[in-house]
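Chain residues, written in single-letter form:
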Amino acid sequence: MGSVYGKVVFITGGAAGVGAEVARRLHRKGAKLVLTDVDAAALDATAATLGDDVLTVVADVRDLSSMQAAADAAVERFGGIDVVMANAGIATYGSVLQVDPEAFKRLLDINVLGVFHTVRATLPSVLDRRGYVLIVSSLAAYTAAPGLAPYNASKAAVEHFANALRLEVGYRGVDVGSAHMSWIDTAMVRDSKSDLSTFAEMLTKLPWPISKTTSVDKCGEAFVAGIEGRKTRVNCPGWVGALRWLRPLLATRIGEVPVAKFVPDLLPRMDAEVAALGRSSSAQAEQFSKG
């Protein structure tokens, strides 16, 4: 794709975090933006910092009709869609025995069905323009962490969704990539640390460099480079890509040893914190995605 100047980029979860950072970087390069989110106030605030050639749509990725309306508005405003970044996502707290089943379902609705709805609604226009789709997966697709089974499952699912989609649309001139990041300094990670001392403790116990946290700025830089290069995989930081090749080993008894050794002590304490908290996701996720 090269230059994104004049290209129309559709981003879900565009109000804050990585979505907003990518939007800012692309806008400086001359891209036209369509930003969707469920947080209307944050969406307006981000758009206000960008200026012209920005369309904001309050839309819930769990609702296909809502995403279709957003895609239709993008086409009406800008004539089509060149790039889609399926970025919206949440996390949950607690083990499989502790996590609220409704929170688990809500996460799958947002993180997995939300990706499908985003792609389904925008793909006809992306096909017309022989564009690019970036599915935001995670390091969690390559290696698991205790207390995060729903999130791990969702990110593995959308990675494979991206792989299948690439086979379906590649011959029609559309490229598809998946993005894999380590812990990013977003509200999701900060809220998890604030809500659960055991979550912050777990990060310190994970093997290096998996324990490292990356800035939103670095992540945005990597994503924009991935979009410009129509990359099949975007890894941030770069070492995350090595874990894709180590994935078979990491899922063996030997590969699990570094994490498994601290689970008997940490996981029961994490579950106790989740029970005392009275919710299985951040207050912000509960506010905007419950019901």
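Everything numeric here is computed off the predicted structure, so don't read it as measured data.

Caption draft 1: Examining the packing of helix α4 (residues 101-128) against helix α5 (residues 149-169) more closely. Where α4 contacts α5, the axes come no closer than 9 Å and their chain directions differ by 20°. On the basis of the axis angle, α4 is roughly parallel to α5. Note on packing geometry: the crossing formed by α4 with α5 is right-handed. Taken together, the residues of α5 that come into contact with α4 (itself represented by Phe104, Leu107, Leu108, Asn111, Val112, Val115, Phe116, Val119, Leu123 and Leu127) are Pro150, Tyr151, Ser154, Lys155, Ala157, Val158, Phe161, Leu165 and Val169. Looking at the contact of α4 with α5, its residues break down into 16 nonpolar, 2 polar and 1 charged.

Caption draft 2: Representation of the UniProt feature "domain: Ketoreductase" (unreviewed entry) in the protein chain in the model. According to UniProt, the "domain: Ketoreductase" (unreviewed entry) feature falls on residues 7-186. Taken end to end, residues 7-186 is 47% helix and 19% strand, and its two terminal C-alpha atoms sit 27 Å from one another.

Caption draft 3: Structural view of helix α1 (residues 17-28). Under the 1.5 Å per step criterion, the end-to-end length of α1 is 17 Å for 12 residues, consistent within 8% with the ideal 16 Å. Counting buried residues in α1 gives 9 out of 12 residues, a clear majority hidden from the surface. For α1, every residue scored as buried is listed here: Val18, Gly19, Ala20, Glu21, Val22, Ala23, Arg25, Leu26 and His27. Looking at the residues trailing α1, positive phi occurs at Gly30, about 95°.

Caption draft 4: Spatial organisation of the nonpolar core. Core analysis: the biggest nonpolar cluster contains 37 residues, and Phe10, Val133 and Ile135 have the highest contact counts within it. Of all the elements in the fold, those that place two or more residues in this core are β1 (8-12), β3 (54-58), α3 (64-78), β4 (83-86), α4, β5 (132-136) and α5. The biggest single contributor to this core is α4, with 8 residues. The residues touching Ile135, leaving out its near neighbours within four places in the chain, are Ala86, Val115, Val119, Val158, Phe161, Ala162, Gly177, Ser178 and Ala179.

Caption draft 5: Summary view of the sheet that holds strand β2 (residues 32-37). Ordered in space as β3-β2-β1-β4-β5-β6-β9, the 7 strands form an open sheet in which the pairing is parallel. The open sheet is flanked by β3 and β9 (233-236), the only strands paired with a single partner. Strand after strand, the sheet turns through a mean of 15° between neighbouring axes, direction not considered. Where β1 lies against β4, 3 bridges are found, and the strand directions are parallel.

Caption draft 6: Representation of a nonpolar patch on the surface in the model. A contiguous nonpolar patch, built from Leu246, Leu249 and Ile254 and spanning about 300 Å² of accessible area, is present on the exposed surface. Inspection of the secondary structure assignment puts Leu249 in helix α9 (residues 240-250).

Caption draft 7: The pattern of salt bridges, seen in detail. The full count for this structure, using the stated rule, is 15 salt bridges. Between Asp60 and Arg62 there is a salt bridge, with its nearest N and O atoms 2.8 Å apart. Look at Asp60 and you get partly exposed, because its relative accessible area is 22%. Since its relative accessible area comes to 22%, Arg62 is described here as partly exposed. Salt-bridge contacts for Arg190 lead to Asp185; the nearest nitrogen and oxygen are separated by 3.4 Å. Residue classification places Asp185 among the partly exposed residues on the basis of a relative accessible area of 36%. Salt bridges sharing common partners tie together Glu21, Arg24, Arg25 and Asp217.

Caption draft 8: Up close: unusual backbone geometry. With an omega of 5°, the peptide bond running from Trp208 to Pro209 counts as cis. Tracing the backbone through its elements, the reader meets Pro209 in the loop between α7 (197-205) and β8 (213-214). For the peptide bond that leads from Cys236 to Pro237, omega is -5°, which places it in the cis range. Mapped onto the elements, Pro237 comes out in the loop between β9 and α9. In this structure, Asp53 is a non-glycine residue whose phi angle is positive, near 60°. Topologically, Asp53 is positioned in the loop between α2 (40-48) and β3. The phi torsion at Arg130 lies on the positive side, around 50°, for a residue other than glycine.

About the cut-offs
Residues numbered from 1 in each chain as written. Predicted model: local features only at pLDDT ≥ 70, side-chain atom pairs only at ≥ 80, totals over all residues. Heavy atoms only, no water. Axes fitted to C-alpha atoms, helices over the stretch in contact; angles between N-to-C directions. Helix = DSSP H or I, 4+ residues; strand = E, 2+ residues; numbered from the N terminus. Parallel < 35°, antiparallel > 145°, perpendicular 65-115°, else oblique. Left-handed = near helix turned anticlockwise from the far one by under 90°. Contact = heavy atoms within 4.5 Å. Nonpolar A, V, L, I, M, F, W, Y, C, P; charged D, E, K, R; others polar. UniProt positions renumbered as here; feature names shortened; annotations may be inferred. Expected span 1.5 Å × (residues − 1). Buried < 20%, exposed > 50% of the residue type's maximum accessible area, 1.4 Å probe, protein only. Core = buried A, V, L, I, M, F, W, Y, C linked by side-chain atoms within 4.5 Å. Pairing = 2+ DSSP bridges. Patch = residues over 30% accessible without salt bridge, like charges linked within 9 Å, V, L, I, M, F, W, Y side chains within 5 Å. Areas by Shrake-Rupley, 256 points an atom, 1.4 Å probe, with all protein chains shown as cover. Salt bridge = Lys/Arg side-chain N within 4 Å of Asp/Glu carboxyl O.

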